[in-house]
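The chain contents come next:
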Amino acid sequence: MKRTFNKYKLVTLLMPLLLFSCKKFGDVNTDPTKSANLDPINQLNLVELRFGGDVTINERTSIILTMPMAQQIGGAYYNRYGSAYIEDRQYMSELWELGYPNDVLNIVDAVARTSAKPNLNAICRIMKVYVFARLTDMYGDIPYTEAGKAYIAGTVRPKFDTQKDIYADFFKELKAAVAQLDASKDAVSTELFYHGDLTKWKKFANSLRLRLAMRLIKIDEATAKAEATDAFNAGLIASNDDICKLDYMNITNGYAEIRGNGVSVGINQYQDDGRPRICTTLINQMKGTNDPRLNYIARDYWVNPDKLTDRLDVTAQVKAQVGIIGVGPGKYNYDDFLGAINIDYPGRGTLSVPNGGQKVQLADFMVRSDAPYFHMTYAEVEFLLAEANTRWGLALGGTAKQHYENGLEAACQQLALYPTGPTLSATEIQNFKQDNLLAPGKELQQIDTQIWIAQLMNGPEAYSTWRRSGFPVLVPGVTAESDVTTIPRRFEYPLTEREQNATNIAAAITALGGKDTWTAHVWWDKQ
């Protein structure tokens with residue numbers, strides 16, 4: 001079933017928020033600090049939409065910072081902060097500054113007001129964990145138990161919970177929410193991720209628990225193993241049909257819009273030369289494994305300088321002359337400058353392809369405004385099971401080899417879920433699996449590197465995979481502009497939080513070693 005939405009649903013879910021924010025509406029006898037008339041399903045839908053649709057968060061968090069730091073993309077001027085480690089606290093603050101007053105506020109309130117609707121309440125609890133997981137994984141210790149309760153409880157300066165305690169509550173909440181879902185109770189058919197399919201919500205929650213469990217492999221291996229095993233036994237995403245994704249609308253977002261894919265819009269708002277190119281780290285990894293996806297996702301484009309909408313895919317012609325060329329870590333599109341080459345294009349004659357046209361970028365189908373945002377994929381689940389089996393000698397539903405090959409196949413087939421995306425042939429997939437058998441002693445490197453590739457377009461997750469596993473092995477892209485000489489490990493706290501919540505943030509900074517730096521490590525990122 002296609003998980004999408006239309007303009008009428010969007011108006012429906014946004015109108016209560018407009019009413020909520022305007023004091024002249026509503027009963028004057030209603031407590032103004034309570035949101036009694038705001039339908040929680042609309043709050044849930046808003047949070048679901050914003051996660052992948054908010055342009056500011058996704059541009060800053062994914063395109064500017066985490067995707068370049070994870071060496072998946074780079075080259076554009078705005079990638080420099082992540083690719084060359086140029087410190088910009090404001091960019092690091094956007095997830096917090098926009099996430100807490102919008103996503104956290106709404107989902108915490110929705111959980112608090114849905115006790116009479118057990119299924120809606122359970123789904124909101126799962127979504128709450130998902131929202132907070134992105135925050136704590138990026139920052140470390142954060143406000144959690146008291147967060148989002150300024151209206152509910154008058155808590156305007158919430159305490160910071162330790163990441164250790166937050167993760168413990170994540171596991172408890174996800175397990176309880178799954179147990180609470182009951183097909184005989186309230187229907188939640190208008191939510192956007194699964195349209196109220198409770199079986200799929202259970203699978204997503206359990207798969208999220210598996211992902212979070214594997215975060216702990218360096219800091220608490222016993223809990224990681226126990227939670228991963230329990231999540232498997234509870235039932236995981238078992239096919240690409242179970243994937244948690246949201247398909248967006250084919251519109252051009254502004255920063256106030258959430259109807260288009262925020263990552264796509266963050267890339268496409270710039271002219272061709274100003275867009276990111278694919279990092280050589282990703283290209284070389286895929287070349288080295290004969291990955292058939294590379295030919296589909298890495299494309300060269302020629303743009304008519306006199307008519308920018310005249311844009312042609314010239315990959316075959318460029319590749320025949322220069323191969324597949326990307327941009328190195330820390331470098332700009334104009335570095336390692338390439339002289340123009342002439343190509344013959346059917347129906348257009350001879351075209352001159354400049355430097356930028358010879359350096360591959362993400363294929364158009366991946367950065368459409370109506371591209372899906374993948375929250376949790378079947379490929380990732382299979383790779384995580386392969387990793388768990390390898391680390392602990394388990395047999396969770398099959399061997400490490402079986403799960404790994406299932407992951408490779410699912411990741412290839414996943415491309416077809418994009419509008420106009422390619423369908424890889426059975427032969428291409430079989431050859432890929434045959435060329436990449438698990439090698440003794442290198443299993444974890446192979447598995448975790450494939451997770452990193454499968455999470456392309458989800459920068460925070462790819463960045464977290466690298467931090468927790470150490471794979472792929474990344475060489476820092478240090479330049480003369482760099483503020484640090486190692487790849488950053490977290491986001492710094494916003495200055496507003498230091499100013500307005502100084503007492504509570506102090507303990508969190510102490511836990512980082514006394515300095516709020518982006519080279520410090522979050523709790524689970526133990527070295």
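Predicted model only: the values in this text are computed from it and were never measured.

A.B. asks: Go over the pattern of salt bridges with me, naming the residues and quoting the values.
C.D. replies: Taken as a whole and assessed by the stated rule, the structure comprises 40 salt bridges. Among the salt bridges present, the one from arginine 259 reaches glutamate 257, with a minimum N-O distance of 2.5 Å. Residue classification places arginine 259 among the partly exposed residues on the basis of a relative accessible area of 21%. For glutamate 257, a relative accessible area of 22% translates into the label partly exposed. Connected through shared salt-bridge partners, Arg89, Arg490, Glu492, Arg498 and Asp516 make up one network.

A.B. asks: Tell me about the packing of aromatic side chains, and name the residues and values.
C.D. replies: Considering all chains together, one arrives at 28 aromatic pairs under this definition. A centroid spacing of 6.2 Å and a plane angle of 70 degrees characterise the contact between phenylalanine 51 and tyrosine 373, whose relative ring orientation is edge-to-face. Of this pair, phenylalanine 51 sits in helix 2 (residues 40-53) while tyrosine 373 sits in strand 12 (residues 372-376), and the two are 322 residues apart along the sequence. Summarising the burial analysis for this pair, phenylalanine 51 and tyrosine 373 share the class buried. Between tyrosine 130 and phenylalanine 204, the ring centres sit 5.6 Å apart and the planes meet at 90 degrees, which makes this aromatic pair edge-to-face. Linking tyrosine 130 in helix 6 (residues 118-139) with phenylalanine 204 in helix 9 (residues 198-215), this pair joins segments that are 74 residues apart in sequence. Each member of the pair, tyrosine 130 together with phenylalanine 204, is buried. A cation over a ring is seen here: arginine 489 above tryptophan 466, with NZ or CZ 4.5 Å from the ring centre. Looking at arginine 490, its charged tip hangs above the ring of tyrosine 493, at a distance of 4.9 Å from the centre.

A.B. asks: Lay out the layout of surface pockets with the relevant residues and their values.
C.D. replies: Leftover empty space is mapped by rolling, across the atoms, a probe with the size of a water molecule. Considering only enclosed or pocket space, the second largest pocket measures out at about 490 Å³ in volume. Along the wall of the second largest pocket there are 20 residues; nearest its centre are Tyr100, Pro101, Val156, Pro158 and Glu497. Contributions of two or more residues to the lining of the second largest pocket are made by helix 5 (89-112), helix 7 (150-153) and helix 21 (495-500). For the lining of the second largest pocket, the element with the most residues is helix 5, which contributes six residues.

A.B. asks: Which residues make up the state of the cysteines, and what values go with them?
C.D. replies: Counted according to the given criterion, the structure contains zero disulfides. Cysteine 124 provides the cysteine sulfur closest to cysteine 244, a residue in no disulfide bond, and the two sulfurs are 14 Å apart.

The rules behind these values
- Residues numbered from 1 in each chain as written.
- Predicted model: local features only at pLDDT ≥ 70, side-chain atom pairs only at ≥ 80, totals over all residues.
- Heavy atoms only, no water.
- Salt bridge = Lys/Arg side-chain N within 4 Å of Asp/Glu carboxyl O.
- Buried < 20%, exposed > 50% of the residue type's maximum accessible area, 1.4 Å probe, protein only.
- Phe/Tyr/Trp six-rings, centres within 6.5 Å; stacked < 30°, edge-to-face > 60°.
- Helix = DSSP H or I, 4+ residues; strand = E, 2+ residues; numbered from the N terminus.
- Lys NZ or Arg CZ within 6 Å of the ring centre and 35° of its normal.
- 1 Å grid on protein atoms, 1.4 Å probe; cavity = no way out; pocket = protein on both sides within 12 Å on 5 of 7 lines; lining within 4 Å.
- Points joined across faces, edges and corners; volume = space filled by probe spheres on them.
- Disulfide = S-S within 2.5 Å.

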